[in-house]
Amino acid sequence: MDPHLLTTFVTVARHGSFSAAAAELGYTQSAVSQQIAALEADLGLPLLLRRPVEPTEAGRRLLEHAGPLLLRLRAARADVLRVAARPGHRLRLAATPLAVNPVVAARLARARAGNPRLEVSLHTCGRDQAVAMVAEGRADLGLADGLAAPSDPLRLLEAGPMAAVGVSEEELVVALPAGHPLAGRAALGLADLVDARWLQTPLCPLARLRDLVGDGFPVGLDYQGDNVHTVLNLVAADHGLTLLPASALSGAAPAGVPLAAPRLVHRVELLHGALPPGPAADLAAVLSG
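Residues numbered from 1 in each chain as written. Predicted model: local features only at pLDDT ≥ 70, side-chain atom pairs only at ≥ 80, totals over all residues. Heavy atoms only, no water.

As a further point, take the packing of helix α5 (residues 102-114) against helix α9 (residues 279-287). A pair of packed helices is characterised by two quantities: the angle between their axes and the separation of those axes. Taken N-terminus to C-terminus, the directions of α5 and α9 make an angle of 140°; their axes are 9 Å apart at the nearest point. Taken together, α5 and α9 sit at an angle that is classed as oblique. Judged by the sense of rotation from one axis to the other, the crossing of α5 with α9 is right-handed. Where α5 approaches α9, its residues Val104, Arg107, Leu108, Arg110 and Ala111 are matched on the opposing element by Leu283, Val286 and Leu287. (Axes fitted to C-alpha atoms, helices over the stretch in contact; angles between N-to-C directions. Helix = DSSP H or I, 4+ residues; strand = E, 2+ residues; numbered from the N terminus. Parallel < 35°, antiparallel > 145°, perpendicular 65-115°, else oblique. Left-handed = near helix turned anticlockwise from the far one by under 90°. Contact = heavy atoms within 4.5 Å.)

Moving on: the pattern of salt bridges. Tallied over the full model, the rule gives nine salt bridges. Between Arg90 and Glu119 there is a salt bridge whose closest N-O contact spans 3.2 Å. Taken together, the positions of Arg90 in strand β3 (residues 90-95) and Glu119 in strand β4 (residues 119-124) put the pair 29 residues apart, joining distant regions of the chain. Between Glu136 and Arg138 there is a salt bridge; the shortest N-O distance is 2.8 Å. Judged by relative accessible area, Glu136 falls into the buried class, the value being 17%. Relative accessible area serves as the criterion here: at 40%, Arg138 is assigned to the partly exposed category. (Salt bridge = Lys/Arg side-chain N within 4 Å of Asp/Glu carboxyl O. Buried < 20%, exposed > 50% of the residue type's maximum accessible area, 1.4 Å probe, protein only.)

Turning our attention to the packing of helix α1 (residues 3-15) against helix α2 (residues 18-25). Between α1 and α2, the shortest axis-to-axis distance is 8 Å and the interhelical angle comes to 125°. One element, α1, and the other, α2, form an angle in the oblique class. Considering how the two elements wind past one another, α1 and α2 form a crossing that is right-handed. Each of Thr7, Thr8, Thr11, Val12, Arg14 and His15 in α1 lies in contact with α2, whose residues at this interface are Phe18, Ala20, Ala21, Glu24 and Leu25.

One can find Thr8 in helix α1. Under the relative-accessibility criterion, Thr8 is labelled buried at 1%. Looking at Thr8, its side chain comes within polar contact range of the side chain of Gln35, at 2.5 Å. In this view, Thr8 contacts Leu25, Tyr27, Val32, Gln35 and Ile36; residues no more than four positions away in its chain are not counted. (Polar contact = N/O pair within 3.5 Å; in protein donor to acceptor, adjacent residues only side chain to side chain.)

Consecutive side chains along a regular strand alternate between the two faces of the sheet. Sheet topology note: the strand β6 (residues 163-176)/strand β12 (residues 265-272) ladder contains eight bridges and is antiparallel. Considered in β12, the bridge of Ala164 is made with Leu271. The pairing of β6 with strand β10 (residues 242-245) spans four bridges and is antiparallel. Directly across from Val173, in β10, lies its bridge partner Leu244. Where β6 meets strand β11 (residues 255-261), four bridges bridge the pair, whose relative direction is antiparallel. Pairing of Val173 across the sheet is with Pro258, part of β11. (Pairing = 2+ DSSP bridges.)

And the structure:
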């Protein structure tokens, strides 16, 4: 299967439109149709329905493979080019919304103070996107965060050879409204909160909590953004509970009660490919502590 044909197929499926895919890829609509027809001929199966444009069952199965395959190809290209790249002082750092905690921010300040020529551009994004940006060479370094057992690595998107180094672990707290009946507790366990209403957010996916404890955790409100200030306001207004690193609630309105069970921490990991000596390697060393 030709990677160019796969890219066209994924783009058409994402847009649900041949014309929109053509506009994004810079092809004519007839060229896109020809590429999809060539891929279908190669496999001997229809991959897209035409009215409306949507994947067939075979097409949906191919989409499951196409994304990771194309990512690995882009990662391979970036990894090879990285070997010959000249070290530069302008670095792009991709970070998930809760990854730049006070510890990481202080280390970044120390790195910049130690190299006045260093210019860092910080790009906030989701965890899979941070991994992909580093793998594809669109970011020099990445920072990803998530829930984990102490010293356990995060479950990250598979994107080829990449170092993932733990840089900080922090206590988790249950964020709840100040007047909540449980706000005065010394600690809480997730098993005691399965019937409470929770915020569904990318910062604390409820599917992860259900994996740990079992069914429950009804959704009080579904918020698909990643603004921590918004999450805190929603908690304070009693739209639902959530889990956050303790530093995220410093001085904030919602109450934060330490999570006692199961034993979990908020973990931050530094992501990078092969780094030749230079500013990127130096920054990675400082961020790693």
